[in-house]
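# Remarks on the overall topology
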Amino acid sequence: MPLSIRPAIASDAAQIFRFIRELADYERLAHEVDATEADLANALFGPNPRVFADIAEWEGEPAGFALWFYNFSTFRGRHGIYLEDLFVSPEFRSKGIGRALLRHLARRCRAEGLARLEWWVLDWNEPALRVYRSIGAIPMDEWTVQRVTGETLQRLAEEP
Ligand SMILES: CC(C)(COP(=O)(O)OP(=O)(O)OC[C@H]1O[C@@H](n2cnc3c(N)ncnc32)[C@H](O)[C@@H]1OP(=O)(O)O)[C@@H](O)C(=O)NCCC(=O)NCCS
């Protein structure tokens, strides 16, 4: 089997950072990346990590990754997984690697009794949406994402 999936280790930090930049380029969001490799290494491999990554290798070469953390559903009273990044390098696409990374996370959910696996996707990202439809993911169209960051976050924090 040319494909294997394993938990990321500290020596993967540079590769994970490269994947993240490639994903940001693909999503036309490279200008929003201000994380450094050290930030990522610290979050993933420092003490008590709260975020995790799986590396997919094709014939021993890094081909893609999934980066995720635990969330919680009060309605279900159980934790779930929030998938922050899913990326397969262009030369390795359409070999089933993306689906295998999602399957790997689904198996973790099953093994750990987690309620949900969820993530965001840009509405124009048709190739990814096709993969998600093919695994039976349900688009949460009635929800919108809210974000407070930068000066707005600062202002809110400073309110008396
Ligand atoms: C979205 C993404 C992760 C999917 O990864 P992938 O490895 O190419 O996906 P898969 O190979 O599992 O499935 C892709 C297609 O290949 C097909 N496929 C799967 N195994 C195959 C095989 N052995 N031979 C031929 N085709 C195959 C699938 O049926 C699927 O077909 P579809 O395009 O008609 O849906 C990848 O394309 C990617 O990184 N894209 C850029 C970044 C991105 O969009 N990330 C997600 C952000 S939310």
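Residues numbered from 1 in each chain as written. Predicted model: local features only at pLDDT ≥ 70, side-chain atom pairs only at ≥ 80, totals over all residues. Heavy atoms only, no water.

## Focus: the packing of aromatic side chains
Inclusion rule: Any two of the Phe, Tyr and Trp rings considered here, Trp counted by its six-membered ring, make a pair once their centres fall within 6.5 Å; the pair's planes then place it as stacked at under 30 degrees, edge-to-face at over 60, or tilted in between. Helix and strand labels come from DSSP, where a helix needs a run of H or I of at least four residues and a strand needs a run of E of at least two; each type is numbered from the N terminus. The buried label applies to any residue whose accessible area, calculated with a 1.4 Å probe on protein chains only, is under 20% of its type's maximum; exposed applies above 50%, and partly exposed to all values in between. We call a charge positioned above a ring when the Lys NZ or Arg CZ atom is no farther than 6 Å from the ring centre and deviates by at most 35 degrees from the ring normal.
For the structure on display, the rule yields 9 aromatic pairs. Centre to centre, the rings of Tyr-26 and Trp-124 are 6.0 Å apart; their planes meet at 45°, and the pair counts as tilted. With Tyr-26 in helix α1 (residues 13-26) and Trp-124 in the loop between β5 (117-118) and α4 (126-135), the pair connects residues that are 98 residues apart, well separated along the chain. Overall, Tyr-26 belongs to the partly exposed group, its relative accessible area being 31%. Residue Trp-124 is classed as partly exposed on the basis of its relative accessible area, which comes to 31%. Geometrically, the ring pair formed by Phe-52 and Trp-68 is tilted, given 4.9 Å between the ring centres and 35° between the ring planes. Residue Phe-52 is located in strand β2 (residues 52-58), and its partner Trp-68 is located in strand β3 (residues 61-73); the two are separated by 16 residues in the primary sequence. The rings of Phe-19, Phe-65 and Phe-87 are connected pair by pair, giving a single aromatic cluster. A cation over a ring is seen here: Arg-28 above Trp-124, with NZ or CZ 4.0 Å from the ring centre. Sitting over the face of the ring of Tyr-26, Arg-93 holds its NZ or CZ atom 5.6 Å from the ring centroid.

## Re the UniProt feature "domain: N-acetyltransferase" (unreviewed entry) in the chain
Basically, it comes down to this: UniProt positions are given in the numbering used here, feature names are shortened, and annotations may be inferred rather than shown by experiment.
Here the UniProt-annotated "domain: N-acetyltransferase" (unreviewed entry) positions come out as residues 3-158. With 37% helix and 24% strand, residues 3-158 has its two end C-alpha atoms placed 50 Å apart.

## What about the nonpolar core?
Basically, it comes down to this: Think of a nonpolar core as a cluster: buried Ala, Val, Leu, Ile, Met, Phe, Trp, Tyr and Cys residues, connected wherever their side-chain atoms sit within 4.5 Å. The criterion used for residue contact is that any of the two residues' heavy atoms lie within 4.5 Å.
Grouped together as the largest cluster of nonpolar side chains are 21 residues, with contacts concentrated most on Leu-83, Leu-86, Ile-97 and Leu-101. Counting residues per element, the ones that place at least two in this core are β2, β3, β4 (78-88), α3 (97-112) and α4. Residue contributions to this core peak at 6 residues, all from α3. In contact with Leu-83, not counting residues within four places along its chain, are Ala-66, Leu-67, Trp-68, Leu-102, Leu-105, Leu-117, Glu-118 and Trp-119. Counting residues in hydrophobic clusters, the runner-up holds 14 residues, among them Phe-17, Ile-20, Phe-65 and Leu-67.

## Concerning a negative patch on the surface
Rules: Only residues whose relative accessible area exceeds 30% and that form no salt bridge are eligible for patches; like-charged ones are grouped when within 9 Å, while nonpolar side chains (Val, Leu, Ile, Met, Phe, Trp, Tyr) are grouped when within 5 Å. Here, Shrake-Rupley sampling with a 1.4 Å probe gives the accessible areas, and only protein chains in the shown set may cover a residue. Only one rule defines a salt bridge in this text: a Lys or Arg side-chain nitrogen within 4 Å of an Asp or Glu carboxyl oxygen. Residues scored as charged are limited to Lys and Arg (positive) and Asp and Glu (negative), so that His and the chain ends carry no count. By convention, charge coordinates are those of NZ in Lys, CZ in Arg, CG in Asp, or CD in Glu.
Residues Glu-22, Asp-25, Glu-59, Glu-61 and Glu-91 make up a contiguous surface patch of negative charge. Mapped onto the elements, Glu-22 comes out in helix α1. By relative accessible area, Glu-22 is classed as partly exposed at 31%.

## Overview of the side chain of Asp-12
Residue position: Asp-12 is located in the loop between β1 (3-7) and α1. Other than its neighbours up to four places away in sequence, Asp-12 contacts Arg-6, Pro-7 and Ile-55.

## Comments concerning the side chain of Asp-54
To keep it simple, the criterion reads: Distance and chemistry together define a polar contact, namely a pair of N or O atoms within 3.5 Å, with one atom able to donate a hydrogen and the other to accept it when in protein, and with adjacent residues in sequence counting only for side-chain atoms on both sides.
Inspection of the secondary structure assignment puts Asp-54 in strand β2. Here Asp-54 is buried and forms no salt bridge, its nearest opposite-charge partner Arg-108 lying at an N-O distance of 4.6 Å. Here the side chain of Asp-54 touches Trp-68 through a polar contact of 3.2 Å, side chain to side chain. Once residues lying within four places of it in the same chain are set aside, the contact partners of Asp-54 are Ile-5, Arg-6, Pro-7, Ala-8, Gly-64, Phe-65, Ala-66, Trp-68, Leu-101, His-104 and Leu-105.

## Structural notes on the site of the ligand
As a reminder, the rule being used: For this purpose, a residue is taken to be near a molecule or strand whenever a single non-hydrogen atom of the residue falls within 4 Å of it.
Neighbouring the ligand are 20 residues, the closest being Leu-86, Val-88, Gly-96, Gly-98 and Asn-125. Side-chain polar atom of Asn-125 to an oxygen atom of the ligand: 2.7 Å apart, as the coordinates give it. A distance of 3.3 Å separates an oxygen atom of the ligand from a polar side-chain atom of Arg-130. Considering the ligand on its own, with 940 Å² of exposed area, one finds that the protein chains cover 70% of that surface. Where the shell around the ligand is concerned, the elements lending two or more residues are α1, β4, α3 and α4.

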